[in-house]
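Survey of secondary and tertiary structure
Residue strings, one per chain:
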Amino acid sequence: MSPKNGILKSVSLYLRMVKVAHSVFALPFALTAAVIAAGGVPRWWTLLWIIVAMVGARSGAMGLNRVIDRKVDARNPRTRSRELPSGTIRAQHALFFSLVSLGLMVLAAAMLNPLCLKLSPIAVAVLAVYSLTKRFTWASHFVLGLALSAAPLGAWIAVRGTFDWRAVPLALAVFFWLPGFDILYALQDVEFDRKEGLFSVPARFGVKRALLLARLLHLLSWGFLALTGVLFGFGPWYWGGLLVVGGLFLYEHSLVRADDLSRLDMAFFNMNGYISVTVLFFTAAEVFLR
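Presented here is an overview of the structure given in this document. (Residues numbered from 1 in each chain as written. Predicted model: local features only at pLDDT ≥ 70, side-chain atom pairs only at ≥ 80, totals over all residues. Heavy atoms only, no water.)

1. Some points on the overall build of the protein chain
Stated precisely, the cut-off is as follows: The secondary structure listing takes helices from DSSP runs of H or I that are at least 4 residues long and strands from runs of E that are at least 2 residues long, numbered from the N terminus. Computation of the radius of gyration draws on C-alpha atoms, with the globule rule given as 2.2 Å multiplied by the number of residues to the power 0.38. Remark: exposure states derive from per-residue accessible area (1.4 Å probe, protein chains only) relative to the maximum for the residue type, with buried under 20%, exposed over 50%, and partly exposed in between.
Looking only at helices and strands, the protein chain has 13 helices and zero strands in total. Along its sequence from the N terminus, the protein chain presents helices and strands in the succession α-α-α-α-α-α-α-α-α-α-α-α-α. In summary, the protein chain has a C-alpha radius of gyration of 19 Å against a globular reference of 19 Å for 290 residues, a match within 12%. C-alpha extents for the protein chain along the principal axes are approximately 55 × 50 × 35 Å. Taken across its 290 residues, the protein chain has 51% of its residues classed as buried.

2. Things to note about the packing of helix α7 (residues 140-160) against helix α8 (residues 168-186)
Worth spelling out the cut-off: Only the stretch in contact is used when a helix axis is fitted, and all axes are lines through C-alpha atoms; the angle between N-to-C directions ranges over 0 to 180 degrees. Note on convention: the crossing is left-handed when the near helix lies turned anticlockwise from the far helix by less than a right angle, right-handed when the turn is clockwise. Whether two residues are in contact is decided by their heavy atoms: any pair within 4.5 Å suffices.
Interhelical geometry of α7 versus α8 gives an angle of 145 degrees and a closest axis separation of 7 Å. Crossing angle aside, the handedness with which α7 passes α8 is right-handed. Here H141, F142, L144, G145, L146, L148, S149, P152 and L153 of α7 come into contact with α8, specifically with V168, L170, A171, V174, F175, L178, P179, D182, I183 and A186.

3. Description of helix α2 (residues 27-38)
What counts is decided by this rule: One less than the number of residues in a helix, times 1.5 Å, gives the span that helix is expected to have.
Here α2 is 12 residues long and its end C-alpha atoms lie 16 Å apart, about the 16 Å a rise of 1.5 Å per residue gives. Burial of α2 is extensive: 11 of the 12 residues sit out of reach of the surface. For α2, the complete set of buried residues consists of L27, P28, F29, A30, L31, T32, A33, A34, V35, I36 and A37. Remark: G39 follows α2 within two positions and exhibits a positive phi of approximately 70 degrees.

4. Observations regarding empty space enclosed by the protein
Worth spelling out the cut-off: In this analysis the probe radius is 1.4 Å and the grid spacing 1 Å, with only protein atoms considered; a cavity is a set of points the probe fits into but cannot get out of, a pocket is an open set with protein on both sides within 12 Å along at least five of seven lines, and lining residues have an atom within 4 Å of a point. Grid points are joined across faces, edges and corners, and a volume is the space filled by probe spheres set on the points.
Scanning the entire structure with this criterion turns up one cavity of 30 Å³ or more. Listed by contribution, the elements that provide at least two residues to the lining of the largest cavity are α12 (236-254) and α13 (264-289).

5. Some thoughts on the packing of aromatic side chains
The cut-off we apply is this: Pairs were defined over the aromatic rings of Phe, Tyr and Trp, the Trp ring being its six-membered one, requiring ring centres within 6.5 Å. Orientation was assigned from the angle between planes: stacked under 30 degrees, edge-to-face over 60, tilted for the rest.
Applying the stated criterion across every chain yields a total of 14 aromatic pairs. Ring centres of F232 and F234 lie 5.7 Å apart, and the angle between their planes is 20 degrees; this geometry places the pair in the stacked category. Residues F232 and F234 agree in their burial class; the two are buried. When the ring of W237 is compared with that of F282, the centres are 6.3 Å apart and the planes differ by 40 degrees; the resulting orientation is tilted.

6. Side note on the packing of α2 against α7
Packed helices, taken two at a time, are described by the angle their axes make and the gap between the axes. Inclusion rule: Side-chain classes are defined by residue name, with Ala, Val, Leu, Ile, Met, Phe, Trp, Tyr, Cys and Pro counting as nonpolar, Asp, Glu, Lys and Arg as charged, and the others, Gly among them, as polar.
Look at α2 against α7: their axes get within 7 Å of each other, and the N-to-C directions meet at 35 degrees. Of the two possible hands of crossing, α2 and α7 adopt the one that is right-handed. Taking contact as the criterion, the partners of F29, A30, A33, A34, I36, A37 and A38 in α2 are, on α7, A151, P152, A155, W156, V159 and R160. The class makeup of the residues in the contact of α2 with α7 is 12 nonpolar, no polar and one charged.

7. A word on the nonpolar core
Note the threshold: Side-chain atoms within 4.5 Å are what join buried Ala, Val, Leu, Ile, Met, Phe, Trp, Tyr and Cys residues into a set we call a nonpolar core.
Among the nonpolar cores identified, the biggest contains 70 residues, and F29, I50, M54, L127, W177, L187 and L225 are the most heavily contacted of them. With 10 residues, the single largest contributor to this core is α8. Residues contacting L225, with those up to four places away along its chain left out, are F29, L170, A173, Y238, L242, V245 and V279.

8. Comments concerning the environment of L117
Along the chain, L117 turns up in helix α6 (residues 114-133). Exposure remark for L117: the relative accessible area of 37% places this residue in the partly exposed category. The sequence separation of L117 and M105 amounts to 12 residues, and the corresponding C-alpha distance is 9.5 Å.

9. What about the side chain of S101?
In this structure, S101 sits in helix α5 (residues 91-112). Judged by its relative accessible area of 7%, S101 falls in the buried class. When sequence neighbours within four positions are dropped, the list of residues in contact with S101 reads G56, A57, S59 and G60.

10. Describing the side chain of D193
Our working rule: The positive count covers Lys and Arg only, the negative count covers Asp and Glu only, and His and the chain ends enter neither. Criterion for a salt bridge: a side-chain nitrogen of Lys or Arg within 4 Å of a carboxyl oxygen of Asp or Glu.
Here D193 lies in helix α9 (residues 190-196). One buried charged side chain, D193, makes no salt bridge at all; its nearest oppositely charged neighbour is R78, positioned 7.2 Å away. Excluding residues that lie within four positions of it along the chain, D193 makes contacts with L198, S200 and A203.

11. Observations regarding the pattern of salt bridges
One pass over the structure, following the stated rule, counts nine salt bridges. The residue R78 makes a salt bridge to D189 at a minimum N-O spacing of 2.5 Å. Taken as a pair, R78 in the loop between α4 (70-75) and α5 and D189 in the loop between α8 and α9 lie far apart in primary sequence, 111 residues in all. Between R194 and E191 there is a salt bridge; the shortest N-O distance is 3.3 Å. Pair noted here: R194 and E191 are both in helix α9, with a separation of three residues, about one helical turn. You can call R194 partly exposed: its relative accessible area is 41%. For E191, a relative accessible area of 56% gives the class exposed.

Spelled out as structure tokens, the structure:
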């Protein structure tokens, strides 16, 4: 294997470890806030560093999660083939990758403005703590929601340089949206989590109650998206997009039943990517075309 091919293979392994493609979940919400804050397309410099911050934050957090959970993942039939449990990537290398990624997020914050830099340690702390919470509380899903809800707030501050309470409902939409689908994802490991003494909503309250809570959380998420539209006086493009988002939420939950989890991957990966991209597309249309 040539050195070039070896480097490409290594990069591919690390990107697969942190599932970088799943940045589509939170990144569109950050870009949505940036578009609203700028009243159009943000400056390319700001946009670049927002994207760098988002990818760095998510990659760093996911890498830490993989390192902390590597022994548990090795005992779980669903996850034992992941890069760390299988030995494809060494734990110390993954830890170094994670720290570099989080450092990249802090660098991006510094390149954006002083307030972003001052707030970056808080973001790093929440991202780092999340992986530990599943060991002592079923509310770990909400800690993850808190971490990613910083995406739209951070993007707003990146563009404006100041905090604006009108951006809070968009952050709350992410806060409720994320644990809603993370609870669905945790349905795969109910029995394993109980056996290992790990905490999750499905393991604590059962599958049926977990499904009900996930639906309630997504209803709240949609409600805060609607409040965002009211606060910014958005028109038909935005509200038409919210109808589409509502339909996607309904379809997502129709895919998962207590007695049938066979379409869980589609509900988790596909639908939530579509939801975040839909919010961005129709918000941008509203801002650009009104």
